[in-house]
Amino acid sequence: MLKLARARLVELAAAGLLVVCLALLKGRYLGIGHDSLLYLGQVLEYLYPESLQHDLFFIYGSQASFTAFPWLVARLAEHVGYGAVFIWLSAIGLGAFWFASWGLVARLLPRDSGFYGLLALLLLPSSYGAWEVFHYAEPFLTGRTFAEPLSLFALMLVVSGRCWVAAIVGLVAVAMHPLQALPAGVVAWLWLVAGDRRWLHALWALAGTVALGALAPQWHFLFEVMDAQWRAQVMLRSAHVFLGNASVGDWYYLLTDMFVVAVAFWYAQGLLRRYLGSVLVASLALVLLSFLLVDALHLAWPARLQFWRVHWLLHWSAMMVLPWLGLVLWSTSSWRRIGLFACVIALGFLPGAAHPLMPGIALLYLAWPRLEHHLGPGIQNMLVLSVMGMAFAHVLGQAILLLPPWQGVMSGFWLSRLAENLMPIWLVPAVVVGIWLWKKGRGKELLGGVLIIGGGCAFLQWDGRPPIQRDFTDTQPQEPPFGVEVAPDAQLLWLGEVLPVWSVMRRPSYISSPQMAGIVFSRRTSMEAFRRKEQMHVRDGGGRDCRLVVLPDEPYIRCKPDEAAIRNACEQASGALAFVVLPYRLRSAPVGTWVPSRRNAGAYHLYACNSLLVQGTGSGE
């Protein structure tokens, strides 16, 4: 008995170490970037309102009005600094996500399948929505970092029958990030409806809200329509808001998730069947609602709510249930039908690059029980093998695209890039083979040693911030960085950056691409942002086109702004732009220079627009 207990303890320790190792590899922290930038701005706006309230992101209101998360982070940052807060909360949030995932998976899947469901969540793609903009369990800090695990925990409580506690946890999730928590609330409501139809009366609250919006003038904002100009600007900056802008591959990716959940629903029983049915109905309803209200009717409030974000929960559910479903199919279906299912997975779960034949193969899988009665064994084999060959060729082609550029014969750099780029491909079979060997009792000591070494390496490399990122976020100088006093409301343009304007200078940024991320929340912000952006479309001294602010979908223009271009930008801003920061010197002397402490070479130079304009007038330019 003692020997069995010890073996069980070793197995649990190995499983836990594997999960931690994979979580660290999947969620490597690269600093304050992506949407984390916006949350840093919101945190600093609480800490330094006399400066940041003049920033474009806050002038006309922002999404910060819909979440309490920045206020909570600001309270912590007052004591330990925002660089430390962001990295530690990111780590805590990731740990909470995987803990909550295990809690829900363990209640939905049979005991032997729960661990494999968690591994699937760790190993398989985590992106959702269009253009691979979002992932669940993102390795940076946003309101989503805690709203997602809280939503999963609330669903776990609902499945366990503890609805009142689930409601409290769900409300906290809404306070963190309402867009992520809303789909979980819909799934929870559908779960309750499946058990007691009286929960359908909750629809009266929705009907009352719509009626109030139609009758009360102060609620008419619920029916605000995005005009053509505003809509075009949002499409240019945040195309993912509109489902109609999604690529064909993104639609196939969404359909693959629905296919997996639907097939699993067919085979599932009990709690799992009820949960998958709730997720599937919620996903269909919210995706269609988003397409109708946003893409067809152009309503602003539904565009802000982004109902399509239910895809995060749909995709989480598809990844979680996939190993269990594979085992069920293995024991109940022919090799041909299993092959068709595997082709749907291989072709569909390539974010943004799903194959156009995926829906056809999915239909072939569903129709196969009828077709095999009308097709001979030879034709069946030829058809399935042809489909499998096509799937293999497509996956192989996508894998080749991940190969890094050749940097020399068997160079260490090339090998490290190869291992990193192909991690999703080689890690899955490595884990599968390792678990199979462990179950067979072969090489447990070696596998344990690999886990310990791998876990240590994953831990040491988890903080992957570049040195300059640390200078921008960890160093909080008491003296002005450039040795020049800058007025609290002075607008700065830091070429190609917004992070150091907020974190180092603690001043408002005049215009940057990240500041335009929230234009769907305010038409006035959108109009002003694009006006400023066009002001930064200038000419250099040789008359060449030069865009100082470039959006993701715009053509890139190779441009190193010279003094004439910077002077042109200052002039176009009509006095609103006070300073420009460049990573190189102009002919004119800067008013200040800052050398980051962790940077090996180079410096940043601060130029005052007033001085540049005076010098330009004096030189006759």
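For the structure given in this document, a descriptive report is provided here. (Residues numbered from 1 in each chain as written. Predicted model: local features only at pLDDT ≥ 70, side-chain atom pairs only at ≥ 80, totals over all residues. Heavy atoms only, no water.)

Considering a nonpolar patch on the surface
The condition that has to hold: In this analysis, a patch consists of residues with relative accessible area above 30% that form no salt bridge, clustered at 9 Å for like charges and at 5 Å for the nonpolar side chains Val, Leu, Ile, Met, Phe, Trp and Tyr. Surface accessibility in these figures is a Shrake-Rupley result with a 1.4 Å probe; residues are shielded only by whichever protein chains are displayed. When a carboxyl oxygen of Asp or Glu is within 4 Å of a side-chain nitrogen of Lys or Arg, the pair counts as a salt bridge. Strands here mean DSSP runs of E at least two residues long; helices mean DSSP runs of H or I at least four residues long; both are numbered from the N terminus. Three exposure classes are used, based on accessible area relative to the maximum for each residue type with a 1.4 Å probe and protein chains only: buried under 20%, partly exposed in between, and exposed over 50%.
A grouping of L200, L203, L206, V210 and F223 is seen on the molecular surface, where their side chains present a nonpolar patch of about 440 Å² in accessible area. Assignment of secondary structure puts F223 in the loop between α11 (203-215) and α12 (228-237). Overall, the relative accessible area of 38% leaves F223 in the partly exposed class.

Some remarks on the nonpolar core
What counts here: As used in this record, nonpolar core signifies buried Ala, Val, Leu, Ile, Met, Phe, Trp, Tyr and Cys residues forming a set joined through side-chain atoms within 4.5 Å. Residue contacts are defined here by distance: any two heavy atoms, one from each residue, within 4.5 Å place the two residues in contact.
In terms of nonpolar packing, the biggest core is built from 146 residues, with Y275 and W316 touching the most fellow members. With 13 residues, the top contributor of residues to this core is helix α16 (residues 311-332). Each residue touching W316, except ones within four places of it in the same chain, is listed here: F97, S101, L104, V105, L121, Y136, L152 and Y275.

Some words on the packing of helix α5 (residues 69-80) against helix α6 (residues 82-108)
Our working definition: Axis definition: a line fitted to C-alpha atoms, over the contacting stretch in the case of helices. Angles run 0 to 180 degrees between N-to-C directions. Roughly parallel means an angle under 35 degrees; roughly antiparallel, over 145; roughly perpendicular, 65 to 115; everything else is oblique. Helix crossings are classified by the rotation of the near helix relative to the far one: an anticlockwise turn of less than a right angle makes the crossing left-handed, while a clockwise turn makes it right-handed. Under the convention adopted here, Pro, Cys and the residues Ala, Val, Leu, Ile, Met, Phe, Trp and Tyr are nonpolar, Asp, Glu, Lys and Arg are charged, and Gly plus all remaining residues are polar.
Viewed as axis vectors pointing N to C, α5 and α6 meet at an angle of 125°, and their least axial separation amounts to 7 Å. With respect to α6, the axis of α5 lies oblique. Note that α5 runs across α6; the crossing there is right-handed. When α5 is examined against α6, the residues V73, L76, A77 and V80 are found in contact with a partner set consisting of Y82, A84, V85, F86 and L89. Here the residues of the contact of α5 with α6 are counted per class, giving 9 nonpolar, no polar and no charged.

A word on the state of the cysteines
How we decide: We call a pair of cysteine sulfur atoms a disulfide whenever their separation is within 2.5 Å.
Tallied over the entire structure, the rule returns 2 disulfides. Between the sulfur of C546 and that of C559 lies a disulfide, 1.7 Å long from S to S. Its S-S torsion of approximately -65° makes the covalent link between C546 and C559 left-handed. With C546 in strand β5 (residues 545-547) and C559 in the loop between β5 and α26 (563-572), this residue pair connects regions lying 13 residues apart in the sequence.

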